[in-house]
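So you can see what is in the structure, the chains are spelled out below.
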Protein chains: 2
Amino acid sequence: MNDELFNLIERLANLLRQETRLEGQSLGLQPIQQEALYYLSTCNRYSDTTLAVTEFLGLTKGTVSQSLKILESKTLIAKVKDKKDKRITHLKVTEAGLEFLMKTCPPQKFTDAITSLSVDEEFETKRLLKKVLSSYQHATGRTAFGVCQHCKFNRKTSDGILCDLTKEALSSDDIMLICREYVV
Amino acid sequence: MNDELFNLIERLANLLRQETRLEGQSLGLQPIQQEALYYLSTCNRYSDTTLAVTEFLGLTKGTVSQSLKILESKTLIAKVKDKKDKRITHLKVTEAGLEFLMKTCPPQKFTDAITSLSVDEEFETKRLLKKVLSSYQHATGRTAFGVCQHCKFNRKTSDGILCDLTKEALSSDDIMLICREYVV
DNA sequence: GTATTTAGTATCGAGTCGAAACTAGTTTGA
DNA sequence: TCAAACTAGTTTCGACTCGATACTAAATAC
């Protein structure tokens, strides 16, 4: 069976989606809305826009705009206009949004299931899946979405950490977040 | 980050879903319809019913009934009434259905991406994901859906292979398929 | 021989989705 | 400099997903 890996990922994703659907019922949140919320809690200030969410989820911007509108109406995120570029709206996860994520993400039973792996096995699983994801993203020509500190543009200077792309200073918290401009 | 593994699976699944959506356009097939079709091509005669598909995909039977109706209307599957139990309808993948799956499943770019793994790595990835899936299925109390020949009820006798649950004879092709009654 | 259970279908309303048309702000370049 | 091209985001449309609920028909229980 050459398609076993495909099958395994699909099935894990189906279970995950199902549990996510259940977890979202308390607030009336759909799985995709929770995914968007989760992404927004992990990304940096260059990547917290409608378009970045669109790229991350691999949907169209009209669709994503709808989902974000619902998240805003439930006050799980807040829209903040960009100071410099008035076209851009930053999406900030609110306290209520973070609280929801803390409770539900990742789903409890998934976390339980992971404990069946040893520490080494868990590490190895992550490493292997990262490799597959990276190749797959490359094959589909999609934005990579990596962690800031591992990016080509991330530069440590005597004054602190700098993004060579935006020429802005970055804090040690900043560089832990996901960036849509990530380049290996 | 404790939720890294969760994130990786979600992202792989999103990419997969996107490519599946694209592949399905030629026949106007939605991702979930393709998943049902694919499942039906891999399952045995005890597991090719609406209810089995429902359990496999983790949805409700009403929803699945709709998707299967569409697959039937496109003559990708055919409904065959069970001889013994007239409530049961078996869902058989047609030639056209198999042809579509051959072309599209698993998606080409995913298959390409897998080649970035060595043979050993691919084997190890499968082993680890199987372990996670198995634990996760157990945690959620879902049907296991395993391959017939590895099932507790599968018994090799001098006369051939037997299912101890249904007491029916199985062929060597039969025991390669997925069964909803699978028990470790 | 009625009551319960099981397999599957039909219908509803809320939400997802892509496509396309739209507004508004920014950049480009003659 | 200022119109054209581009970019970020929204709105609307129609097809589809999804769970919930109510339904039909057949099998089983007792």
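As a starting point, this report considers the structure included with it. (Residues numbered from 1 in each chain as written. Chains lettered and ligands numbered in written order. Predicted model: local features only at pLDDT ≥ 70, side-chain atom pairs only at ≥ 80, totals over all residues. Heavy atoms only, no water.)

**Observations concerning the pattern of salt bridges**
Part 1: Taken as a whole and assessed by the stated rule, the structure comprises 24 salt bridges over all chains.
Part 2: Between Glu121 of chain B and Lys131 of chain A there is a salt bridge, with its nearest N and O atoms 2.9 Å apart. Pair noted here: Glu121 of chain B is in helix α7 (residues 119-140) and Lys131 of chain A is in helix α7 (residues 119-140), and the two residues belong to different chains.
Part 3: Since its relative accessible area comes to 14%, Glu121 of chain B is described here as buried.
Part 4: With a closest N to O distance of 3.7 Å, Glu168 of chain B and Lys84 of chain B form a salt bridge. In this pair, Glu168 of chain B sits in the loop between β5 (160-163) and β6 (169-170) while Lys84 of chain B sits in the loop between β1 (77-81) and β2 (89-93), placing the two residues 84 residues apart along the sequence.
Part 5: The exposure class of Glu168 of chain B is partly exposed, given its relative accessible area of 25%.
Part 6: For Lys84 of chain B, a relative accessible area of 74% translates into the label exposed.
Part 7: Each of the salt bridges in this network shares a partner with another, and the network as a whole consists of Glu4 of chain A together with Glu122, Lys126 and Lys130 of chain B. (Salt bridge = Lys/Arg side-chain N within 4 Å of Asp/Glu carboxyl O. Helix = DSSP H or I, 4+ residues; strand = E, 2+ residues; numbered from the N terminus. Buried < 20%, exposed > 50% of the residue type's maximum accessible area, 1.4 Å probe, protein only.)

**What about the interface of chain B and chain A?**
Part 1: Opposite the 56 residues of chain B that make contact, chain A presents 55 residues.
Part 2: At the boundary of chain B with chain A, total buried surface from both sides reaches about 6,200 Å², with 66% on carbon and sulfur atoms.
Part 3: If you sort the residues of chain B by the area they bury against chain A, Phe6, Arg11 and Tyr136 of chain B come out on top, with a joint share of 13%.
Part 4: Counting across the chain B and chain A interface gives 8 salt bridges.
Part 5: The closest approach of N and O atoms between Lys126 of chain A and Glu4 of chain B, which form a salt bridge, is 3.7 Å.
Part 6: The interface formed by chain B and chain A includes 15 residue pairs in polar contact (both at pLDDT 80 or more).
Part 7: Elements supplying a minimum of two residues to the side of chain B that touches chain A: α1 (4-24), α2 (31-42), α3 (50-57), α6 (108-114) and α7 of chain B.
Part 8: Counting residues per element, the side of chain B that touches chain A draws most heavily on α7 of chain B, which supplies 17 residues. (Contact = heavy atoms within 4.5 Å. Buried area = accessible area lost by both parts, 1.4 Å probe. Polar contact = N/O pair within 3.5 Å; in protein donor to acceptor, adjacent residues only side chain to side chain.)

**Here's the deal with the packing of aromatic side chains**
Part 1: Applying the stated criterion to the full structure yields 10 aromatic pairs over all chains.
Part 2: Ring centres of Tyr136 of chain A and Phe110 of chain B lie 5.5 Å apart, and the angle between their planes is 70 degrees; this geometry places the pair in the edge-to-face category. Taken together, the positions of Tyr136 of chain A in helix α7 and Phe110 of chain B in helix α6 put the pair across two chains. (Phe/Tyr/Trp six-rings, centres within 6.5 Å; stacked < 30°, edge-to-face > 60°.)

**Structural notes on the packing of helix α2 (residues 31-42) of chain A against helix α5 (residues 95-104) of chain A**
All names here are of chain A.
Part 1: It is at 10 Å that the axes of α2 and α5 come closest, and there the two elements cross at 105 degrees. Classified by the interaxial angle, the pair formed by α2 and α5 is roughly perpendicular. Residue-level inspection shows Gln34, Leu37, Tyr38 and Ser41 of α2 in contact with α5, the latter providing Gly97, Leu98, Phe100, Leu101 and Thr104. (Axes fitted to C-alpha atoms, helices over the stretch in contact; angles between N-to-C directions. Parallel < 35°, antiparallel > 145°, perpendicular 65-115°, else oblique.)

**Re the protein's contact with DNA strand D**
Part 1: Taken together, 24 residues lie around DNA strand D, and Leu51, Lys61, Ser65 and Lys79 of chain A together with Gln33 of chain B are the ones closest in.
Part 2: Per the 4 Å cut-off to the protein, sugar and phosphate atoms form 75% of the nearby atoms of DNA strand D.
Part 3: Contact between DNA strand D and Lys61 of chain A: a base nitrogen at 2.6 Å from a side-chain N or O atom of the residue.
Part 4: In this structure, Thr60 of chain B approaches DNA strand D through a main-chain N or O atom, which is 3.0 Å from a phosphate oxygen.
Part 5: For the surface near DNA strand D, the secondary-structure elements that each account for two or more residues are α3 (50-57) and α4 (61-73) of chain A together with α2 and α4 (61-73) of chain B. (Near = heavy atom within 4 Å.)

**Comments concerning the environment of Phe123 of chain A**
Part 1: Among the structural elements, Phe123 of chain A can be located in helix α7.
Part 2: In the structure, Phe123 of chain A is positioned 99 residues away from Gly24 of chain A in sequence and 29 Å away in space, judged by C-alpha atoms.

**Examining the relation of the copies chain B and chain A**
Part 1: When chain B is brought onto chain A, the operation consists of a screw motion whose angular component is 180 degrees and whose axial shift is 0.0 Å, with 0.0 Å RMSD remaining. In symmetry terms, the pair is related by a two-fold rotation axis.
Part 2: Taken together, the interface assignments show that 98% of the residues at the interface of chain B recur at the interface of chain A, consistent with an identical surface on both copies. (Least-squares fit on C-alpha atoms with pLDDT ≥ 70 in both.)

**Describing the packing of α3 of chain A against α4 of chain A**
All names here are of chain A.
Part 1: Where α3 meets α4, the axes come as close as 9 Å, and the angle between the chain directions of the two elements is 110 degrees. As the angle between them shows, α3 and α4 are arranged roughly perpendicular. Both α3 and α4 take part in a crossing whose hand is right-handed. Residue-level contacts link Thr50, Leu51, Val53 and Thr54 of α3 to Lys61, Val64, Ser65 and Leu68 of α4. (Left-handed = near helix turned anticlockwise from the far one by under 90°.)

**Examining the protein's contact with DNA strand C**
Part 1: In the vicinity of DNA strand C lie 24 residues, with Gln33 of chain A together with Leu51, Lys61, Ser65 and Lys79 of chain B positioned nearest.
Part 2: In the interface set of DNA strand C, defined as its atoms within 4 Å of the protein, sugar plus phosphate atoms amount to 75%.
Part 3: Residue Ser65 of chain B places a side-chain N or O atom 2.8 Å away from a phosphate oxygen belonging to DNA strand C.
Part 4: Take Arg87 of chain B: an N or O atom from its side chain is 3.2 Å from a base oxygen of DNA strand C.
Part 5: Ranked by the residues each element gives to the surface near DNA strand C, the list is headed by α4 of chain B, at 5 residues.
Part 6: Its residues placed into classes, the surface near DNA strand C shows 5 nonpolar, 10 polar and 9 charged. (Nonpolar A, V, L, I, M, F, W, Y, C, P; charged D, E, K, R; others polar.)

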